[in-house]
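# Examining the three-dimensional arrangement
Listed here are the chains, written in short residue letters.
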Amino acid sequence: MDLLGGGGYFSIPDILASQEKVPCVLDLPLIRLGYLDPTSETDHVARGSKLDFPIWLASSLKNQRTPIVTVDLPKYYKDAYREIMAADANVVDLHKLGPYFYAVGCKLLDFQHSERADVSRSLFESYLNRVLSVIDKAQHSYVADTNTFIRRLDASERRVFAAGRQAAKEMQIWSSLNGHILHSQRKRKHS
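So, here's what we can say about the structure. (Residues numbered from 1 in each chain as written. Predicted model: local features only at pLDDT ≥ 70, side-chain atom pairs only at ≥ 80, totals over all residues. Heavy atoms only, no water.)

## Here we look at unusual backbone geometry
Although it is not a glycine, R32 adopts a positive phi angle of roughly 60°. With respect to the element layout, R32 can be found in the loop between strand 1 (21-26) and strand 2 (50-54). With relative accessibility at 67%, the residue R32 sits in the exposed group. You will see that Q112, though not glycine, has its phi angle at about 60°, which is positive. With respect to the element layout, Q112 can be found in the loop between helix 5 (101-108) and helix 6 (116-140). You can call Q112 exposed: its relative accessible area is 55%. (Helix = DSSP H or I, 4+ residues; strand = E, 2+ residues; numbered from the N terminus. Buried < 20%, exposed > 50% of the residue type's maximum accessible area, 1.4 Å probe, protein only.)

Quick look at the structure:
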């Protein structure tokens, strides 16, 4: 199970995560593309202008022989939010920050930011802290209790929750077999 949705070309979660917009600064002017910047009064977008592009486009513009943009971190991945996540990741409504928070964060690591190691560590630690409570909630709570909890989860955490809920149901079915134990069909020879 790919929890972050990075399943490749046909992965719907990966496609949706790559649609998230990231702030970019133009390293070159964009000729006759003034319509991309609603504040532009000319047909061109000047060098140094700040625009938001989807991750898939920002990646293409960044990976040219002469890079066209410099990609900046969205505010949810900057130091202030990383401190909040470090204090108590369980209180943060990740779905409000972005339904694919972890997948987008992993895609941002490809842009080689100076804060890359800090972002990576923050994503790892917050996921680790939150997934324990997600699994616990999935296995030890009733449906009515979990609706508000689920609304606050990232898409990958929702998949973990669904898997934990399914495992709890299967465990309950197994334990309801009234103590029947499965035995091997093969009989042992006593010597």
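Next, the rest of the story.
## A word on the pattern of salt bridges
Enumeration according to the criterion identifies 6 salt bridges in this entry. Note that D72 is salt-bridged to K78, the shortest N-O span being 3.2 Å. On the accessibility criterion, K78 (30% relative accessible area) is partly exposed. R130 serves as the salt-bridge partner of E157, at 2.6 Å between the closest nitrogen and oxygen. With E157 in helix 8 (residues 155-175) and R130 in helix 6, the pair connects residues that are 27 residues apart, well separated along the chain. Note on E157: relative accessible area 0%, which makes it buried. (Salt bridge = Lys/Arg side-chain N within 4 Å of Asp/Glu carboxyl O.)

## Section: the packing of helix 5 against helix 6
Relative orientation of the contacting elements helix 5 and helix 6 amounts to 160°, with a least axis distance of 11 Å. If you check the angle between helix 5 and helix 6, you find them roughly antiparallel. In this structure, helix 5 meets helix 6 at a crossing whose hand is left-handed. Across the interface between the two elements, F101, Y102, G105 and C106 from helix 5 touch L123, S126, Y127 and R130 from helix 6. The residue inventory of the contact of helix 5 with helix 6, partitioned by class, reads 5 nonpolar, 2 polar and 1 charged. (Axes fitted to C-alpha atoms, helices over the stretch in contact; angles between N-to-C directions. Parallel < 35°, antiparallel > 145°, perpendicular 65-115°, else oblique. Left-handed = near helix turned anticlockwise from the far one by under 90°. Contact = heavy atoms within 4.5 Å. Nonpolar A, V, L, I, M, F, W, Y, C, P; charged D, E, K, R; others polar.)

## Some details on the sheet that holds strand 3 (residues 69-71)
Judged by pairing direction, the sheet is antiparallel, and its 3 strands sit side by side in the order 2-1-3 without closing on themselves. Since the sheet does not close on itself, it has two edges, and those belong to strand 2 and strand 3, each with one partner. Strand-to-strand twist in this sheet, taken as the mean axis angle between neighbours without regard to direction, amounts to 45°. Where strand 1 and strand 2 come together, 5 bridges link them in antiparallel fashion. (Pairing = 2+ DSSP bridges.)

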